[in-house]
Amino acid sequence: MAEKRESRRPVAVITRVETFSACHRLHSKQLSDEENRRIFSKCNNPNGHGHNYKLEVSVKGPIDSVTGMVMNVQDLKIIIHQVVMDVMDHKHLDQDVPAFRDSNLVSTTENLAVVVYEGVSKHLPKHVALHQVKIHETEKNIVVYNGEYE
């Protein structure tokens, strides 16, 4: 009996870009005030400082043979708005965002990328994987997170 071959579908990565503004203070509850000032310098300003973040969320999956899409980019936009824009845009990350306010997480862009990654990944359809989250804190400072743990 001949083996039935599964049809193969090409896999693609799609990316949605959004921008949001937020402020934060780099300050670890696990360090003394002096250590925080030494490590974080001007970013430890007690009143915080702000950024206009550029966010790129990339998902990966098979291209649907009927729709021609990995997923509807409008659905990805809605997920990003629920997880990021509605929660973080024009907010103080340390005071208004539960992931930072209610934990010992320092609101670095690295930790922000992890929070966004974990939030978005919970809402994706099963056939789509979150490929990476890239956050541009400034034109010169960019963080990429792809779900890895060591």
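Fair warning: this is a prediction, and the values are worked out from it, not measured in the lab.

Caption draft 1: Quick peek at the overall build of the protein chain. Each helix and strand counted, the protein chain has 5 helices and 5 strands in total. When the elements of the protein chain are put in sequence order from the N terminus, they spell out β-α-β-α-β-α-α-α-β-β. For 150 residues, the compact-globule estimate of 2.2 N^0.38 gives 15 Å, and the C-alpha radius of gyration of the protein chain, at 19 Å, exceeds that figure by more than 25%. Principal-axis analysis of the C-alpha atoms gives the protein chain an extent of 75 × 30 × 30 Å. The proportion of buried residues among the 150 residues of the protein chain is 37%. Excluding contacts between residues fewer than 6 apart, the proportion of contacts in the protein chain whose partners are at least 24 apart in sequence is 69%. Where the 19 positive side-chain charges of the protein chain centre and where its 20 negative ones centre are 4 Å apart.

Caption draft 2: Main features of the pattern of salt bridges. Applying the stated criterion across every chain yields a total of 3 salt bridges. E18 is the salt-bridge partner of R16, the closest N and O atoms lying 2.9 Å from each other. Classification of E18 as buried rests on a relative accessible area of 10%.

Caption draft 3: Seen up close, helix α5 (residues 109–121). End to end, α5 covers 18 Å across 13 residues, agreeing with the expected 18 Å (1.5 Å per residue, within 8%). The complete set of buried residues in α5 reads T109, L112, A113, V114, V115, V116, Y117, G119 and V120.

Caption draft 4: The arrangement of the sheet that holds strand β3 (residues 91–92) in detail. Read across the sheet, 5 strands follow the order β3-β1-β2-β4-β5 without closing on themselves; strand pairing throughout is mixed. Each end of this open sheet is capped by a strand with a single partner; those strands are β3 and β5 (142–145). Bridge analysis of strand β1 (residues 11–24) against β3 gives 2 bridges, and the strand direction is parallel. Bridge assignment links C23 to a residue of β3, and that residue is H92. Contacting β1, β2 (49–62), β4 (129–136) and β5, α5 runs over the sheet at an angle of about 150° to β4.

Caption draft 5: Layout of the nonpolar core. Of all hydrophobic cores here, the largest spans 32 residues; its most connected members are F20, L55, V84, M88, L112 and V116. At the level of elements, β1, β2, α2 (73–88), α5, β4 and β5 are the ones that each hand at least two residues to this core. Those residues in contact with V84 that sit more than four places away from it in its chain are F20, L55, D89 and V116.

Rules behind the numbers
Residues numbered from 1 in each chain as written. Predicted model: local features only at pLDDT ≥ 70, side-chain atom pairs only at ≥ 80, totals over all residues. Heavy atoms only, no water. Helix = DSSP H or I, 4+ residues; strand = E, 2+ residues; numbered from the N terminus. Rg over C-alpha atoms; globule rule 2.2 N^0.38 Å. Buried < 20%, exposed > 50% of the residue type's maximum accessible area, 1.4 Å probe, protein only. Contact = heavy atoms within 4.5 Å. Lys, Arg positive; Asp, Glu negative; His and termini not counted. Charge placed at Lys NZ, Arg CZ, Asp CG, Glu CD. Salt bridge = Lys/Arg side-chain N within 4 Å of Asp/Glu carboxyl O. Expected span 1.5 Å × (residues − 1). Pairing = 2+ DSSP bridges. Axes fitted to C-alpha atoms, helices over the stretch in contact; angles between N-to-C directions. Core = buried A, V, L, I, M, F, W, Y, C linked by side-chain atoms within 4.5 Å.

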